[in-house]
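Examining the three-dimensional arrangement
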Amino acid sequence: MDHEGYRIGDHRDVDDLPQQLAALSNAAFSQYEGAMPVDAAFISWYLRRPGCRPELCPVALEGNRLASNVLVAIEHLQLGGQVLPCGIDTVATLPEHRRHGLARVLMESAHELMRQAGAEAAVLYTNPDDHPYRFYRRLGYETRAIGAALLGPRPAHTQP
């Protein structure tokens, strides 16, 4: 399948997948608070975790280069007091390939693939102050929980 000159496929279609995913992740998330740089070894390890299958992970390729990716892992999470099989992990598009509808096309594909794989929900972690939050809301995602970060060194434990 194609979308505006991009070839749409899945992880099985990507040459040097760990290297390309590391480059994509580092480029796509470098401006976000708390994003850690990754390398191909980390990505190789991350892709081996339970529930992550290459056929569930849609991609957009420009030639042989990975332009956008939705990493899907089906995991059981507690939502609304129930433990449900849930999918989605990371959505990333290279900055120079944004605003071409790639994330929307890949997310729609990921949702269908997850349904076929038995997922009952999709879960993402994002910042309400960033553009992706609004994008996910338009796709039907809703805020379920808000996280917090402690900046600076952890306070010393004190005895009562």
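Residues numbered from 1 in each chain as written. Predicted model: local features only at pLDDT ≥ 70, side-chain atom pairs only at ≥ 80, totals over all residues. Heavy atoms only, no water.

To continue, consider the side chain of Ser25. Tracing the chain through its elements places Ser25 in helix α1 (residues 17-29). If we skip the residues at most four places from it in the chain, Ser25 touches Ser30 and Val38. (Helix = DSSP H or I, 4+ residues; strand = E, 2+ residues; numbered from the N terminus. Contact = heavy atoms within 4.5 Å.)

Below, the discussion takes up the confidence of the model for the protein. Mean pLDDT for the protein: 90, with 97% of residues reaching 70 or above. The secondary-structure element of the protein with the lowest mean pLDDT is helix α4 (residues 131-138), recorded at 84, while strand β3 (residues 58-62) shows the highest, at 98. (pLDDT = per-residue confidence, 0-100.)

Once that is clear, we can look at the packing of aromatic side chains. Within the structure shown, the criterion is met by 6 aromatic pairs. Relative to Trp45, the ring of Phe42 lies with its centre 5.4 Å away and its plane at 45 degrees, an arrangement referred to as tilted. Here Phe42 and its partner Trp45 are both found in helix α2 (residues 40-47), 3 residues apart, which amounts to about one turn of the helix. Site record: aromatic cluster; members linked through ring pairs are Phe42, Trp45 and Tyr46. (Phe/Tyr/Trp six-rings, centres within 6.5 Å; stacked < 30°, edge-to-face > 60°.)

So, about the sheet that holds strand β1 (residues 2-3). What the 5 strands build is an open sheet, ordered β1-β2-β3-β4-β7; its pairing is antiparallel. Edge positions in the open sheet fall to β1 and β7 (90-93), since each of these has one partner strand only. Alignment of β3 against strand β4 (residues 65-71), held across 4 bridges, turns out to be antiparallel. From the neighbouring strand, Leu61 faces β4, where its bridge partner is Leu66. (Pairing = 2+ DSSP bridges.)

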